[in-house]
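Chain by chain, the residues run as shown.
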Amino acid sequence: MHSFMLQRIEGIEVNTKSYTAAIMACGNGGNWQMALSLLEEMDQYGVLISDFTYNACISACEKSGKWEIALELLEEMISLGIEPGTITYSACISACARDFRVDVALDLFQSMKNKMIPTNTIVYSALIDICAQCERRSVAIELYEEAYAMGEKDHWVSQGGLCIDLHHHSRFSAGVAVEVALKELQGPSGLWVKRDPGIESVKIVVGKGLQSEVKFKSVVRPEVERVLREGTLLTL
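## Re the packing of helix α2 (residues 16-28) against helix α4 (residues 51-63)
Okay, step 1: The N-to-C vectors of α2 and α4 enclose an angle of 10°; their axes lie 8 Å apart at closest approach. Taken together, the axis directions place α2 and α4 in an arrangement best described as roughly parallel. The residues of α4 that touch α2, namely those facing Thr 16, Thr 20, Ile 23, Met 24, Gly 27 and Asn 28, are Phe 52, Thr 53, Ala 56, Cys 57, Ala 60 and Lys 63.
Okay, step 2: Residues that form the contact of α2 with α4 fall into these classes: six nonpolar, five polar and one charged.

## Let's talk about the pattern of salt bridges
Okay, step 1: Taken as a whole and judged by the stated rule, the model has nine salt bridges.
Okay, step 2: Here Arg 171 and Glu 223 are joined by a salt bridge, their closest N and O atoms 3.7 Å apart. Separated by 52 residues along the polypeptide, Arg 171 in helix α10 (residues 171-184) and Glu 223 in helix α11 (residues 221-230) bring together distant segments of the chain.
Okay, step 3: Overall, the relative accessible area of 39% leaves Arg 171 in the partly exposed class.
Okay, step 4: Judged by its relative accessible area of 3%, Glu 223 falls in the buried class.

## Focus: helix α8 (residues 121-133)
Okay, step 1: In this model, α8 (13 residues) spans 18 Å end to end at C-alpha, consistent with the 18 Å of a helix rising 1.5 Å per residue.
Okay, step 2: Buried residues of α8: Val 123, Tyr 124, Ala 126, Leu 127, Ile 128, Asp 129, Ile 130, Cys 131 and Ala 132, and no others.
Okay, step 3: Packed against the buried residues of α8 are α6 (86-98), α7 (102-114), α9 (137-150) and α10.
Okay, step 4: For α8, the side-chain oxygen to backbone nitrogen distance between the N-cap and Ile 122 is 3.2 Å, and the N-cap itself is Asn 120.

## What to know about the environment of Phe 52
Okay, step 1: Note that Phe 52 resides in helix α4.
Okay, step 2: For Phe 52, a relative accessible area of 59% puts it in the exposed group.
Okay, step 3: On a C-alpha basis, the gap between Phe 52 and Pro 84 in space is 9.5 Å, while along the polypeptide they are 32 residues apart.

## A few points about the packing of aromatic side chains
How two aromatic rings sit relative to each other is set out by the distance from centre to centre and by the angle between their planes.
Okay, step 1: Within this structure, the stated rule accounts for two aromatic pairs.
Okay, step 2: Between Phe 109 and Tyr 124 the ring centres are 5.5 Å apart and the planes differ by 70°, which places this aromatic pair in the edge-to-face class. With a gap of 15 residues between them, Phe 109 in helix α7 and Tyr 124 in helix α8 connect regions that are remote in the sequence. The residues Phe 109 and Tyr 124 share a single accessibility class, namely buried.

## Here we look at the confidence of the model for the protein chain
Okay, step 1: Confidence along the protein chain averages 82 in pLDDT terms, with 78% of residues attaining 70 or more.
Okay, step 2: Low pLDDT, under 50, characterises residues 189-194; the stretch is placed with twelve contacts to residues that sit more than four places away or in other chains.

## Concerning the side chain of Asn 120
Okay, step 1: Within the secondary structure, Asn 120 is located in the loop between α7 and α8.
Okay, step 2: Among the polar contacts made by the side chain of Asn 120, one reaches the main-chain amide nitrogen of Ile 122 at a distance of 3.2 Å.
Okay, step 3: In this structure, Asn 120 is in contact with Thr 86, Ser 90 and Glu 152, ignoring residues within four places of it in sequence.

Rules and cut-offs
Residues numbered from 1 in each chain as written. Predicted model: local features only at pLDDT ≥ 70, side-chain atom pairs only at ≥ 80, totals over all residues. Heavy atoms only, no water. Axes fitted to C-alpha atoms, helices over the stretch in contact; angles between N-to-C directions. Helix = DSSP H or I, 4+ residues; strand = E, 2+ residues; numbered from the N terminus. Parallel < 35°, antiparallel > 145°, perpendicular 65-115°, else oblique. Contact = heavy atoms within 4.5 Å. Nonpolar A, V, L, I, M, F, W, Y, C, P; charged D, E, K, R; others polar. Salt bridge = Lys/Arg side-chain N within 4 Å of Asp/Glu carboxyl O. Buried < 20%, exposed > 50% of the residue type's maximum accessible area, 1.4 Å probe, protein only. Expected span 1.5 Å × (residues − 1). Polar contact = N/O pair within 3.5 Å; in protein donor to acceptor, adjacent residues only side chain to side chain. Phe/Tyr/Trp six-rings, centres within 6.5 Å; stacked < 30°, edge-to-face > 60°. pLDDT = per-residue confidence, 0-100.

Put into structure tokens, the structure is as follows:
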């Protein structure tokens, strides 16, 4: 029996806040089934279910790769008149990205735009990664350029010269970032142009990269080398 059910039997008050906190804990522990069970229990006992509660439950499903259930919860929110926001869509898109559901993720992203729901770095990162992995390279580049223009992504830093910093990029995002950065340095005729006066070279700092599970091993470097090699830019 759930601890919350026992608390009811013992006369201890439970409310939206305590249920939401419990659902978040379930999500962090990878127990999406318990998170859903608690959501159902809230409905059963007439406890108010807020957008925060749904977001916590959707996030629990996202962490466990249950994208279909995450989308069902999104539809349930909408049907109940609870307005989904950036966090809701971000979790749903990330859930789809985990299972390589690129078309579904892009549809959700378009839905966000249609509803004028603000996007964020998490949304763009998930979409760029999945598009780059699923042979939608041109879409990944478009998304990166869009995020870059909005200030959600960046790659330039000043380190005594022109430097592309990839420390905060995942493997596939880094490859796309390098493509976009190098394209910025090319003139209309394809000739290399200087971004700033006096700059003679470009340094690429790969770092370890996000999602690397091996200490000191970069997940970024092989992808960056591949992009440079395919673009015949290794002499840069």
